[in-house]
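# Results of the structural survey
Here is how the chains run, residue by residue.
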Amino acid sequence: MTVTLADVAARAQVSPATVSRVLNGNYPVAASTRERVLRAVDELDYVLNGPASSLAAATSDLVGILVNDIADPFFGIMASAIQLEIGGPGGRAGGERLAVVCNTGGSPERELTYLTLLQRQRAAAVVLTGGAVEDAPHAAAVAAKLRKLADAGTRVVLCGRPPTPDTGAIALTFDNRGGGRELTEHLIGLGHRRLGYIAGPEERTTTRHRLEGHRAALQAHGIEEDPRWTVYGRYDRQSGYEATLELLRRDPSLTAVVAANDSVALGACAALRDSGLRIPDDVSVAGFDDLPFSIDAVPSLTTVRLPLSDAGARAGRIAMGREEPPPGGIATIRGELMVRGSSGGPRE
């Protein structure tokens, strides 16, 4: 049953006019009253009608793009490609759509808030980029939001994110396991047997999948993993720097460091140089994603190239209905191993 403004007013024990003032933000309301109204909105999952111009249509001209960190090239490249594709026929103002990039900062709560706001605005489409948080209550909450968006006519596309079954969302997912395995197998093929691994945040699907690929390669080649060889951290350069120093402290005999992404790998390279070690003569380094700076690093970075721009563009076209979804609503996008100067055989 549809929740009405009157239902919210009854729950908050205020007048419908007060609820309207709180939601529209166009009239001063006491803080305690505002809090009561917003709590009632959340409890009832009330969806406010979007702008008046959208009321005559099932959806508006708004497209939401959710990213963890717009300053991270991984997300910036995908968001840019999505935005370039969202114009075209169908919009009421010359065919264009308004892209709104929602920066969650990796916060599960903020992710849910943005999904609610986009639902209220009757977004034409929503694209969620990057890995998901591995938390059952949060996953259930996100799935519920995605179902409501899809039921209201919003196209939902996941780009670089695992599928969410029974939500109506189309998933373009990266083969992080396969890429992680191929990267480590490359280093093993060069003769490395003592490989440190710098993982991303423990709660992220991308972290787990890439680490599972790394471990699968070790297992396939009969290499027993030492618990000291894995350190978790953030997906940034500073984390890579600190984690590499920790790996060297734990086991100075490591001959290779595999990083969760290219930014982490740059930090690893800096830490190795500051420790008096040469790359790759003393320690090889490998990253993941093949971000634009990777080829310009010294030495250039061995990594796994993900087609971030192509994936974002495809997500944008699907979101706008200009490309058919993949069979079954899921497509797996493979990476490509890029062998460069940062990897070589282990020191004697």
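Cut-offs and rules
Residues numbered from 1 in each chain as written. Predicted model: local features only at pLDDT ≥ 70, side-chain atom pairs only at ≥ 80, totals over all residues. Heavy atoms only, no water. Core = buried A, V, L, I, M, F, W, Y, C linked by side-chain atoms within 4.5 Å. Buried < 20%, exposed > 50% of the residue type's maximum accessible area, 1.4 Å probe, protein only. Domains from an automatic or database assignment. Salt bridge = Lys/Arg side-chain N within 4 Å of Asp/Glu carboxyl O. Helix = DSSP H or I, 4+ residues; strand = E, 2+ residues; numbered from the N terminus. Pairing = 2+ DSSP bridges. Axes fitted to C-alpha atoms, helices over the stretch in contact; angles between N-to-C directions. Contact = heavy atoms within 4.5 Å.

Turning next to the nonpolar core. Core analysis: the biggest nonpolar cluster contains 60 residues, and F74, F174 and V285 have the highest contact counts within it. Formed jointly, this core draws a minimum of three residues from each of two domains, domain 2 (59-174 + 308-333) and domain 3 (176-306). Core analysis: the second largest hydrophobic core is formed by 15 residues, L62, L66, L118 and L128 among them.

Looking now at the pattern of salt bridges. Within the structure shown, the criterion is met by 24 salt bridges. With its nearest N and O atoms 2.6 Å apart, the salt bridge here joins D251 to R194. Note that D251 is positioned in the loop between helix 9 (237-250) and strand 8 (256-259) and R194 in the loop between helix 7 (176-189) and strand 6 (195-199), a separation of 57 residues in sequence. The class of R194 is partly exposed, set by a relative accessible area of 32%. Two residues, E212 and R208, come together in a salt bridge whose shortest N-O distance is 3.0 Å. Remark: R208 and E212 occur in helix 8 (residues 205-220); sequence separation between them is 4 residues, near one turn of the helix. We classify R208 as partly exposed; its relative accessible area is 32%. Here the salt bridges share partners, and the residues they tie into one network are E85, R314, R317, R322 and E323.

Moving on, we get to the sheet that holds strand 2 (residues 98-103). Reading across from one edge, 2-1-3-4-5-11 is the order of the 6 strands in this open sheet, with parallel pairing throughout. Here the strands that pair on one side only, and so sit at the sheet edges, are strand 2 and strand 11 (330-333). Across the sheet, the mean angle from the axis of one strand to that of its neighbour is 15 degrees, orientation sign disregarded. Sheet strands in contact with helix 5 (residues 108-120) are strand 1 (62-67), strand 2 and strand 3 (125-129), and its direction is about 175 degrees off that of strand 1.

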